[in-house]
Amino acid sequence: MSSLESLLASFKDFKVSRGHNYHYYFSAPEPGKLSLLLVHGFPSLAIDWHHQINYFKAKGYGLVVPDQLGYGGTDKPVDHKEYLHGLLAKDLVEIVDHEKLTDVIAIGHDWGSKTTSVLGNLFADRFLGFGFFAAGYVPPRATMTFEQLQTEVTQALGYGIYGYWDFLSAPDAVELVTKNVDSFLDLIYAKDPSLWKTHCCPTGALRTWVENNSRTPRGVTEELQRIYDAEFSKGGWTGPLNYYKAQIEPDGELEDAKKIPLANYKIHKPVFLGCALKDEICLPAFQKPITAQFCPQTTVHDFDTGHWVLNGAADEVNEALDKWIAGISASGSA
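Here the structure is a predicted model, which is why all the values come from computation and not from measurement.

Peer 1: It is not clear to me how helix α12 (residues 238-248) should be interpreted in this structure. Could you clarify?
Peer 2: Residues lying three or four places apart along an α-helix face the same way, a consequence of the helix completing one turn every 3.6 residues. Within α12, eight of the 11 residues are buried, leaving the element largely enclosed by the surrounding structure. Within the sequence span of α12, burial applies to Gly239, Pro240, Leu241, Asn242, Tyr243, Tyr244, Ala246 and Gln247. In this fold, the buried residues of α12 make contact with α3 (85-98), α4 (111-122), α6 (164-168), α7 (173-179), α11 (222-235) and α13 (253-257).

Peer 1: Hey, could you run me through the UniProt feature "domain: AB hydrolase-1" (unreviewed entry) in the chain in this one?
Peer 2: When the UniProt feature table is mapped onto this chain numbering, "domain: AB hydrolase-1" (unreviewed entry) sits at residues 36-309. Helix and strand shares over residues 36-309 are 44% and 12% respectively, and the end C-alpha atoms of the span are 18 Å apart.

Peer 1: Looking at this structure, how should I read the packing of aromatic side chains?
Peer 2: For any two aromatic rings, the description comes down to two numbers: the centre-to-centre distance and the angle of the planes. With the rule as written, the count across this model stands at 26 aromatic pairs. Here Tyr71 and Phe232 contribute two aromatic rings whose centre-to-centre distance is 6.2 Å and whose plane-to-plane angle is 75°, an arrangement assigned as edge-to-face. Of the two residues, Tyr71 sits in the loop between β4 (62-66) and α3 while Phe232 sits in helix α11, which places them 161 residues apart along the sequence. For Phe232, a relative accessible area of 5% gives the class buried. On the numbers, 5.5 Å between centres and 70° between planes, the contact of Trp111 with Tyr244 is edge-to-face. Of this pair, Trp111 sits in helix α4 while Tyr244 sits in helix α12, and the two are 133 residues apart along the sequence.

Peer 1: Looking at this model, I keep getting lost on the side chain of Thr216. Mind explaining?
Peer 2: With respect to the secondary-structure elements, Thr216 resides in the loop between α10 (205-211) and α11. Ignoring any residue separated from it by four or fewer positions in sequence, one finds Thr216 in contact with Asp186, Leu187, Ala190, Leu195 and Trp209.

Peer 1: Is there a simple way to explain the state of the cysteines in this structure?
Peer 2: By definition, a disulfide links the sulfur atoms of two cysteines through a covalent bond. Applying the stated rule across the entire model yields zero disulfides. Not part of a disulfide, Cys201 finds its nearest cysteine sulfur in Cys200, a span of 6.7 Å. Here Cys295 is not cross-linked by a disulfide; its sulfur's nearest cysteine counterpart is in Cys275, at 12 Å.

Peer 1: Any chance you could explain the pairing of strand β5 (residues 104-109) here in plain terms?
Peer 2: Looking down a regular strand, the side chains alternate between one sheet face and the other. Of all the six residues making up β5, six are buried; the element is thus mostly covered by neighbouring parts of the structure. On β5, burial covers both faces: Val104, Ala106 and Gly108 on one face and Ile105, Ile107 and His109 on the other are all buried. As defined by bridge partners, strand β3 (residues 35-39) adjoins β5 across five bridges and the pair is classed as parallel. Looking at the pairing, Val39 lines up with Gly108 of β5.

Peer 1: When you look at the sheet that holds strand β2 (residues 21-27) in this model, what are you seeing that I'm missing?
Peer 2: Strand pairing in a sheet takes place through backbone hydrogen bonds and is either antiparallel or parallel in direction. On the basis of which strands lie adjacent, the open sheet formed by eight strands has the order β1-β2-β4-β3-β5-β6-β7-β8 and mixed pairing. Of all strands in the sheet, those with a lone pairing partner are β1 (12-15) and β8 (298-303), marking the two edges. Mean inter-strand twist for the sheet, computed between neighbouring axes without regard to direction, equals 20°. Where strand β7 (residues 271-276) lies against β8, six bridges are found, and the strand directions are parallel. Following the sheet pairing, Phe272 is matched in β8 by Thr299. Relative to the sheet, α4 contacts β3, β5 and β6 (129-133), its axis offset from that of β5 by approximately 145°.

Criteria and thresholds
- Residues numbered from 1 in each chain as written.
- Predicted model: local features only at pLDDT ≥ 70, side-chain atom pairs only at ≥ 80, totals over all residues.
- Heavy atoms only, no water.
- Buried < 20%, exposed > 50% of the residue type's maximum accessible area, 1.4 Å probe, protein only.
- Helix = DSSP H or I, 4+ residues; strand = E, 2+ residues; numbered from the N terminus.
- Contact = heavy atoms within 4.5 Å.
- UniProt positions renumbered as here; feature names shortened; annotations may be inferred.
- Phe/Tyr/Trp six-rings, centres within 6.5 Å; stacked < 30°, edge-to-face > 60°.
- Disulfide = S-S within 2.5 Å.
- Pairing = 2+ DSSP bridges.
- Axes fitted to C-alpha atoms, helices over the stretch in contact; angles between N-to-C directions.

Here is the structure:
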């Protein structure tokens, strides 16, 4: 059994109060050590954190690493409203409470950064700090529609970066991704991260790529690729794509964000921002000022890699995180 298969075999399950079962990796902290809640994004799995799991477990840190709703061994409801980040954040707090963990740091990647942001907005007292990779802190979007967001970003950059949201939230997206899944995953995990600028960012470009069944080399290991193929084949794409539908539909993010008080937009706990310098969508030039505006205690670290920084710069990620976490421990916050 490989190291990744061993990790997968040690997952456990817990049903949260709204009835969904979560499948997650858990390792209890050694005495005096903090715990880390690691939250993956799209399209990803808990196992994407395997480098961080192995590193921090060896150092005695506690770990809670769930397959997020819609992924892996976790339940996959079909209603997009089940994927609102306020609900997801509450689910994760219930898992942390179930494991009776107290000194916890929440760390997210991609859409996991949005869920982690909402943990900071609604449950700041339950965590010692918050970390974000690729995507930084995401403030609540209570009044700005997706169309307005797209227009604002396009005006600032001179080109759009969220064009792929239109395809991923479309009624036929599940069917097209399922039909041409190798093409889709090739681009999502492309070895050449610059392809995102031409084939994800413009509206219609991702649809064209998938419909044409275009191919490109992937930048993931064969072992991880086998796990992706097996899990996404088994679980389907309705759950993962609901994260985008929840952002587009009027009963989604706009309504969810209204439940967050304006006073909670700022996070006053220590924050780590890990930027991916070759990420064509989660642009560091955007992530840094927004995170700094809302998170005054931010530590920034740049990684010379694409979006999949957890694997692309694993050793550097672990060392930078370890140093930042040690600073929180030394400050007496724990």
